[in-house]
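Residue-level listing of the chains:
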Amino acid sequence: MERIIIDKMNWLAENTDHEIILMTIWELEDSKISAFPLSSKVKIIELNIPKRLYPLAIWKFDRAVKKLNPDWCIIFHAMGALLSICTTWKGKLLYESHTPLFSMNHQWLYPLMMRRVHMVVCLTNGDAINFSKAKRVAVIPNFCSLPSLNSDPDYDLKQIVSLGRDCKEKNFPRMERIWASISKEYPDWHLAIHHDTTDVIKAYYSGSIFIMTSRFEGFGLVLIEAMQCGLPCIAFDCPYGPREIIKDGENGFLIPYDDDALFIEKLTYLMEHPEERERMGTAAKKSVARYDKFQIMSQWKSLLTNP
């Protein structure tokens, strides 16, 4: 989430006349504002509130946003929902949903938030349904932020790749169980799971198939990144991203969430058919053109300029 938000801010700062300001609420544990490069054109305001001092955070945010009086204030996650409810600033608030609403903590916040904000922007049509009571809902997916890639993966590689945080929602234990059930039949194949890598492109190109077993996704950025690298993808039809990214049988396989047997069937099919890996990988690369950065950010520019 942090990476894509920074990428969006950098694009808006570099490609529009808007002044872009990043406001951080909590006191940082180290001096780094972000783990990712931030444009020099982005102004930074640090409120430096000690963690969990919510009344102070609300008061300082309210004071800061009134002083700035921006055209838009874009907020995220539960803390953003809380701030939207409590602020006395009367300007335009936009809540951007990066995680399915049903999975969020403090569910009582969101009906109140929907009555207050001027707009909710979701990454998927599935998540947008959850915000139907908001004044206005728009769907703008994430873009693929990898650099332009002209080479195809080696479809003869006998390695399956997955990337993601090692957390409950990504459900890597399920992936490992699935792999354990077939690995002995394919001793020359390997599964590589990357939880923390500084070179995601190298990780994607290390295999010829990408798989994902998430319980839920805000969007599924790794899917479009893998597709941009030319990898066919297999994912469970979890809420909400994979269904809107994978065209079953064309650029990968979308598996009913409770069907491990079908997941195994489709995975072994791709393992046994390199020509199908290449066909689907080529289709995958073409299909992610709709997630081009300029195309997606032009939607943001239009939304912010002509609300």
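Here, every reference points to the structure presented above.
The structure displayed is predicted, hence computed values, not measured ones.

Description of the overall build of the chain
At step 1: A tally of helices and strands in the chain yields 12 helices and 11 strands.
At step 2: The C-alpha atoms of the chain give 21 Å as radius of gyration, which agrees with the globular expectation for 307 residues (19 Å, within 12%).
At step 3: Overall, the C-alpha framework of the chain stretches about 65 × 40 × 35 Å when taken along its three principal axes.
At step 4: Taken across its 307 residues, the chain has 51% of its residues classed as buried.
At step 5: Element-wise, carbon and sulfur atoms account for 51% of the exposed surface of the chain, whose accessible area totals about 15200 Å².
At step 6: Separation between the mean location of the 37 positive side-chain charges and that of the 38 negative ones in the chain comes to 10 Å.

Some words on the environment of H98
At step 1: With respect to the helices, strands and loops of the structure, H98 is situated in the loop between β4 (93–97) and α4 (109–116).
At step 2: Each C-alpha atom of the pair H98 and E217 lies 8.7 Å from the other, and the pair is 119 residues apart in sequence.
At step 3: Setting aside its immediate chain neighbours within four residues, H98 contacts M1, I4, I5, K8, F76, L123 and G218.
At step 4: In this structure the side chain of H98 is engaged in a polar contact, spanning 3.3 Å, whose partner is the side chain of E96.

Looking at the packing of aromatic side chains
At step 1: Scanning the model with the defined rule gives 11 aromatic pairs in all.
At step 2: Judged by centre distance (6.2 Å) and plane angle (65°), the ring pair of W11 and F294 falls under edge-to-face. Linking W11 in helix α1 (residues 2–15) with F294 in helix α12 (residues 293–305), this pair joins segments that are 283 residues apart in sequence.
At step 3: Each ring, one from Y95 and one from Y110, has its centre 6.1 Å from the other, and the planes form 70°; the classification is edge-to-face. Of this pair, Y95 sits in strand β4 while Y110 sits in helix α4, placing them 15 residues apart in sequence. Y110 shares its class with Y95; the two are buried.
At step 4: An aromatic cluster is defined as three or more aromatic residues linked by ring pairs; in this entry it consists of Y95, Y110 and F131.
At step 5: Over the ring of F236 we find R174; its NZ or CZ atom is 3.7 Å from the centre of that ring.
At step 6: The lysine or arginine in question, R174, covers the ring of Y257, its NZ or CZ lying 4.7 Å from the ring centre.

Procedures and definitions
Residues numbered from 1 in each chain as written. Predicted model: local features only at pLDDT ≥ 70, side-chain atom pairs only at ≥ 80, totals over all residues. Heavy atoms only, no water. Helix = DSSP H or I, 4+ residues; strand = E, 2+ residues; numbered from the N terminus. Rg over C-alpha atoms; globule rule 2.2 N^0.38 Å. Buried < 20%, exposed > 50% of the residue type's maximum accessible area, 1.4 Å probe, protein only. Areas by Shrake-Rupley, 256 points an atom, 1.4 Å probe, with all protein chains shown as cover. Lys, Arg positive; Asp, Glu negative; His and termini not counted. Charge placed at Lys NZ, Arg CZ, Asp CG, Glu CD. Contact = heavy atoms within 4.5 Å. Polar contact = N/O pair within 3.5 Å; in protein donor to acceptor, adjacent residues only side chain to side chain. Phe/Tyr/Trp six-rings, centres within 6.5 Å; stacked < 30°, edge-to-face > 60°. Lys NZ or Arg CZ within 6 Å of the ring centre and 35° of its normal.

Limitation: the analysis is restricted to geometry and does not speak to function.
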